[in-house]
Amino acid sequence: QVQLVESGGGLVQAGGSLSLSCAASGRAFSDYGLAWFRQPPGKVREFVAGISWSVGITYYEDSVKGRFTISRDNAKNTVYLQMNSLKPEDTAVYYCTAPPRHIAVTKSPDRYRYWGQGTQVTVSS
């Protein structure tokens, strides 16, 4: 069982930066892929970035490539999302999530088993 708790959201002006953290409880953290999804107001939840459970390969949604960076610290059971050059369209609730153990990350939210409660990111123009 994995429990995920996000932190670091807030209000920022366009062009600014925010760093999100997601602390995980449970054992064998390094055996889980991890991802960030977001849900803009009135829209469906969408994939933002993911990092694999084995060698830490990273994946990004096209609109955030070059602006967002996902990373993980297995010693701290934490995954991060560094967000730079933020745009108003990045406004959303951001969720940390993990699929079942040893399962690859994917862009489909249906493949994930564990979800955090979400943290609000608001980018003003």
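Look up: the structure comes first, before these words.
Now for a description of the structure that goes with this document.

**With respect to the overall build of the chain**
Counting its regular elements, the chain contains zero helices and eleven strands. Helices and strands in the chain line up, N terminus first, as β-β-β-β-β-β-β-β-β-β-β. Relative to the 2.2 N^0.38 estimate, which gives 14 Å for 125 residues, the radius of gyration of the chain is 13 Å and therefore close to what a compact globule would have. In terms of principal-axis extent, the alpha carbons of the chain reach across some 40 × 25 × 25 Å. Evaluated residue by residue, the chain yields a buried proportion of 44% over its 125 residues. Long-range contacts, defined here as pairs at least 24 residues apart, represent 58% of the contacts in the chain between residues at least 6 apart.

**Observations concerning the environment of Ile57**
Looking at the secondary structure, you find Ile57 in the loop between β5 (46–51) and β6 (58–60). Taking the C-alpha atoms as reference points, Ile57 and Ser71, 14 residues apart in sequence, are found 9.5 Å from one another. Not counting residues up to four positions away in its chain, the partners in contact with Ile57 are Gly50, Ile51 and Ser52.

**Here's the deal with the packing of aromatic side chains**
Applying the stated rule across the entire model yields six aromatic pairs. With a centroid separation of 5.1 Å and an interplanar angle of 75°, the aromatic rings of Phe37 and Tyr112 are classed as edge-to-face. On the criterion of sequence distance, the pair formed by Phe37 in strand β4 (residues 34–39) and Tyr112 in the loop between β9 (92–98) and β10 (114–115) is long-range, its members being 75 residues apart. No difference in accessibility class separates Phe37 from Tyr112, as the two residues are buried. Overall, the relative accessible area of 0% leaves Phe37 in the buried class. An aromatic cluster of at least three residues, connected via ring pairs, comprises Phe37, Phe47, Tyr95, Tyr112 and Trp115.

**Regarding the sheet that holds strand β1 (residues 3–7)**
The sheet built from four strands is open, its strands ordered β1-β3-β8-β7 with antiparallel pairing. The two strands at the open ends of the sheet, each matched to only one other strand, are β1 and β7 (68–73). On average, adjacent strands in this sheet sit at an angle of 15° to one another, irrespective of strand direction.

**A few points about the side chain of Glu6**
Its place among the elements puts Glu6 in strand β1. Buried within the structure, Glu6 lacks any salt-bridge partner; Arg45 is the closest side chain of opposite charge, at an N-O distance of 7.7 Å. A polar contact of 3.0 Å, which involves the side chain of Glu6, links it to the backbone nitrogen of Gln117. Apart from the residues within four sequence positions on either side, Glu6 is in contact with Ser21, Cys22, Trp36, Tyr94, Tyr95, Cys96, Gly116, Gln117, Gly118 and Thr119.

Parameters at a glance
- Each chain has its residues counted from 1, following the order in which its sequence is written.
- For a predicted model such as this one, the threshold for reporting local features is a pLDDT of at least 70, and the threshold for listing and counting side-chain atom pairs is 80 or more; totals across whole chains, interfaces and linings nevertheless cover every residue.
- As a rule here, side-chain values come from all non-hydrogen atoms in the structure, and water together with hydrogens is ignored.
- For the purposes of this entry, the term helix denotes a DSSP run of H or I that reaches at least four residues, the term strand denotes a run of E that reaches at least two, and both are numbered from the N terminus.
- Atoms considered for the radius of gyration are the C-alpha atoms alone. The globule rule reads 2.2 Å times the number of residues to the power 0.38.
- Exposed residues in this analysis have more than 50% of their type's maximum accessible area, buried residues have under 20%, and partly exposed residues fall in between, with area computed by a 1.4 Å probe over protein chains only.
- Note on contacts: a residue pair qualifies if any of its non-hydrogen atoms lie within 4.5 Å across the two residues.
- Centres within 6.5 Å are what make two rings of Phe, Tyr or Trp a pair, Trp counting through its six-membered ring; a difference in plane orientation under 30 degrees is then read as stacked, over 60 as edge-to-face, and the rest as tilted.
- Strand pairing is assigned whenever DSSP detects at least two bridges linking the two strands.
- Angles here are taken between N-to-C directions and fall from 0 to 180 degrees, while the axes themselves are lines fitted to C-alpha atoms, restricted in helices to the stretch in contact.
- Under this rule, positive means Lys or Arg and negative means Asp or Glu; His and the chain ends count for nothing.
- Throughout this description, the term salt bridge denotes a Lys or Arg side-chain nitrogen within 4 Å of a carboxyl oxygen of Asp or Glu.
- Between N or O atoms, a polar contact is any pair within 3.5 Å; within protein, one atom must be a potential hydrogen donor and the other a potential acceptor, and residues adjacent in sequence are included only when both atoms are from side chains.

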